[in-house]
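Given next are the chains, with one letter for each unit.
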Amino acid sequence: RDEYKDKYLRNLAEMDNFRKRVKKEKEEYQKYALNDFLFELLQVYDNLERAIKAKTPSQKKDSVLNLLVSDDEKSIISGVEMILKQLFELMKRNRVLEIDALGKHFDPNIHQALSREEREGITEPVVLEVYQKGFMYNDRLLRPTLVKVAVPKEKEEEEKAKNASDSNPNADNKPPDPGNTEK
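Everything quoted here is computed from the prediction, not taken from an experiment. (Residues numbered from 1 in each chain as written. Predicted model: local features only at pLDDT ≥ 70, side-chain atom pairs only at ≥ 80, totals over all residues. Heavy atoms only, no water.)

### Remarks on the pattern of salt bridges
Side chains that differ in charge, positive against negative, can pair when their charged atoms come close. Definition in use: Salt bridge, as used here, is a side-chain nitrogen of Lys or Arg placed within 4 Å of a carboxyl oxygen of Asp or Glu. Numbering goes from the N terminus for both helices and strands, where a helix is a DSSP run of H or I of at least four residues and a strand is a run of E of at least two. Working definition: with a 1.4 Å probe on protein chains only, accessible area under 20% of the residue-type maximum means buried, over 50% means exposed, and in between means partly exposed.
A complete count under the given rule lists 13 salt bridges for this structure. Of the charged contacts in the structure, one is a salt bridge between K92 and E89, with a shortest N-O distance of 4.0 Å. Of the two residues, K92 and E89 are both situated in helix α4 (residues 71-93); the distance of 3 residues between them amounts to about one turn of the helix. On the accessibility criterion, E89 (31% relative accessible area) is partly exposed. A salt bridge links K148 to E117; the shortest N-O distance between them is 3.1 Å. Here E117 lies in strand β2 (residues 111-119) and K148 lies in strand β6 (residues 145-152), a separation of 31 residues in the sequence. Its relative accessible area of 19% is what places K148 among the buried residues. One salt-bridge network, in which partners are shared between bridges, spans E49, E98 and K133.

Encoded structure:
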């Protein structure tokens, strides 16, 4: 009789654990269900940003480009800017946040380095330029930020080269003559 009661209690516990696991998996799925859609939506966001950068006249009032841009073109640019702002606010409401990278410490978990530049005066890699914005979705990386990174200048190689030339008696870097037996 105790054996049946034990089996019954084990089955109840197993069912309870199963319910909890299914609930957790469902919540996790719902939390990240939009991941693929949002990733593709970022391409639209990027294209709207590019359109604005390509067509925005310079800020100088006497600029020749400003004179060449008609009022219709300016209103189109203004409309695209409003759409971009609306899209950005929509993404923010859905927990898609832009990764602030410029001038920050390089983090390979959220940044993807496309190029690097050696710089003096820095001790750790720093983001110099952002080629493409990165985004997080519900505290998970949606797309890494594509960046140019400033890295510390290689001091070790410079010191090794200097030390090698200082300690080498053959300053002209010619190998000793093996045929010369004079002392």
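### Some thoughts on the nonpolar core
The line we're drawing: In plain words, nonpolar cores are sets of buried Ala, Val, Leu, Ile, Met, Phe, Trp, Tyr and Cys residues tied together by side-chain atoms within 4.5 Å. Whether two residues touch is decided by their heavy atoms; if any such pair falls within 4.5 Å, the residues are in contact.
In terms of nonpolar packing, the biggest core is built from 15 residues, with M91, V96, F135 and L142 touching the most fellow members. Going through the elements one at a time, α2 (35-55), α4 and β4 (135-137) are the ones with two or more residues in this core. Among the elements that take part in this core, α2 stands out by supplying 6 residues, more than any other. Once you skip the residues sitting within four places of it in the chain, F135 turns out to touch L42, Y45, M91, V96, L97, E98, I99, R140, L141, L142 and R143.

### Structural notes on the sheet that holds β2
Sheet strands line up and pair through hydrogen bonds in the backbone, either parallel or antiparallel. Cut-off, in case you're wondering: DSSP bridges decide pairing: two strands pair if at least two such bridges lie between them. Helix axes use the C-alpha atoms of the stretch in contact, all axes being lines fitted to C-alpha atoms, and the angles between their N-to-C directions lie in the range 0 to 180 degrees.
Here 3 strands make up an open sheet; going across it, the order is β2-β6-β3 and the pairing mixed. Each edge of the open sheet carries a strand with a single partner, namely β2 and β3 (126-132). Neighbour to neighbour, the strand axes of the sheet diverge by 25 degrees on average, direction disregarded. Strand direction decides the pairing type here: β2 and β6, joined by 8 bridges, are parallel. Across the sheet, the residue bridging to R119 is P152, located in β6.

### Observations regarding a nonpolar patch on the surface
We apply this condition: The patch calculation keeps residues exceeding 30% relative accessible area without a salt bridge and links them within 9 Å when they carry like charges or within 5 Å when they are nonpolar (Val, Leu, Ile, Met, Phe, Trp, Tyr). Each accessible area value is a Shrake-Rupley result obtained with a 1.4 Å probe; residue values ignore everything except the protein chains displayed when judging cover.
A cluster of nonpolar residues, Y8, L9 and L12, forms a patch on the protein surface that exposes about 310 Å² of accessible area. Mapped onto the elements of the fold, L9 is located in helix α1 (residues 2-32).

### Things to note about the pairing of β6
Across the 8 residues of β6, 7 count as buried, placing the element largely inside the fold. Looking at chain direction, β3 and β6 are connected through 5 bridges and run antiparallel. Residue pairing in the sheet places E129 in a bridge with K148 of β6.

Such coordinate-based values are descriptive only and should not be taken to indicate function.
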